[in-house]
Amino acid sequence: VQLQASGGGLVQAGDSLRVSCEVSGGTFSQYGTGWFRQAPGKEREFVAAISRIGGYTRYGDSVKGRFTIARDNGKNSVYLQMNSLKDEDTAVYYCAVTVSYSGTSVATGRSQYIYWGQGTLVTVSS
C-alpha cells in the first residue's frame, strides 16, 4: 500500500489550503484514514480522522472548527481542508490508513495506523 500526499506549500496566516492523499495498492474502502502533523522539534500529533463508512470524523483540539477531513472512495483519496491557517499550523502533514473492521470507528492514535505517506510541508507565514 502506498500513500502519496500533495498540496502543501507556503501560505499567509488566515489563508486556506487543501492537502490531498491518494492511496494505491490496497482496497481503500476497507481503510479508515487520518492526518497527522509534525512541527520541527515536536512530536507527531493527531490532526483529523474519518471512518471507513458513514463519514464519522474526529479532530485534534487545535484544529477543531478550522479543518475539515473528507474522503472520496471513488478516487481512493482523502483530503484535509485547512482554513484560517495560523503560524502554529506549520508542519509536515502525513496521511495514514488503518484497517477498520467496524467501519464506523475513527482512529486517533498513531499506533493504530499501519501505512503512512511521505508527508507534505505546509508553511504558514505571518
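Here the residue index of a chain counts from 1 through its sequence in written order. Reporting in this predicted model follows two pLDDT cut-offs: at least 70 for local features of residues, and 80 or more for side-chain atom pairs to be given and counted; totals over whole chains, interfaces and linings ignore these cut-offs and use all residues. Side-chain numbers come from the whole structure's heavy atoms, not from hydrogens or water.

Some points on the overall build of the chain
- Helix and strand assignments come from DSSP, with helices taken as H or I runs of at least 4 residues and strands as E runs of at least 2, each series counted from the N terminus. Each helix and strand counted, the chain has zero helices and eleven strands in total.
- Tracing the chain from N to C terminus, the helices and strands come up as β-β-β-β-β-β-β-β-β-β-β.
- Over its C-alpha trace the chain gives a radius of gyration of 13 Å, about what one expects of a compact globule, namely 14 Å for 126 residues.
- If one aligns the C-alpha atoms of the chain with their principal axes, the spans along those axes are about 40 × 25 × 25 Å.
- Burial status follows relative accessibility: with a 1.4 Å probe on protein chains alone, a residue under 20% of its type maximum counts as buried, one over 50% as exposed, and anything between as partly exposed. Within the chain, the fraction of its 126 residues that count as buried is 44%.
- Note on contacts: a residue pair qualifies if any of its non-hydrogen atoms lie within 4.5 Å across the two residues. Within the chain, residue pairs in contact and separated by at least 24 positions form 61% of the contacts whose partners lie at least 6 positions apart. Put simply, the radius of gyration uses C-alpha atoms, and a globule should come to 2.2 Å times the residue count raised to 0.38.

A look at the pairing of strand β11 (residues 120-125)
- Burial of β11 is one-sided: the residues Thr120, Val122 and Val124 facing one way are buried, the residues Leu121, Thr123 and Ser125 facing the other way are not.
- Across four bridges, strand β2 (residues 9-12) lies against β11 in parallel orientation. Within β11, the position partnered with Val11 by the bridge is Val124.
- Relative to β11, strand β9 (residues 91-99) runs antiparallel, the two sharing three bridges. Each bridged residue has a counterpart across the sheet, and for Ala91 the counterpart in β11 is Val122. A pair of strands is considered paired only if DSSP assigns at least 2 bridges between the two.

Topic: the state of the cysteines
- When two cysteine sulfur atoms are found within 2.5 Å, that pair is recorded as a disulfide. This structure, assessed with the given rule, holds one disulfide.
- A disulfide bridge connects Cys21 with Cys95, and the sulfur atoms are separated by 2.0 Å. Handedness here is read from the sign of the S-S torsion; for Cys21 and Cys95, about 60 degrees, the answer is right-handed. A residue pair is termed long-range when its members are at least 10 positions apart, and Cys21 in strand β3 (residues 17-24) and Cys95 in strand β9 qualify at 74 residues.

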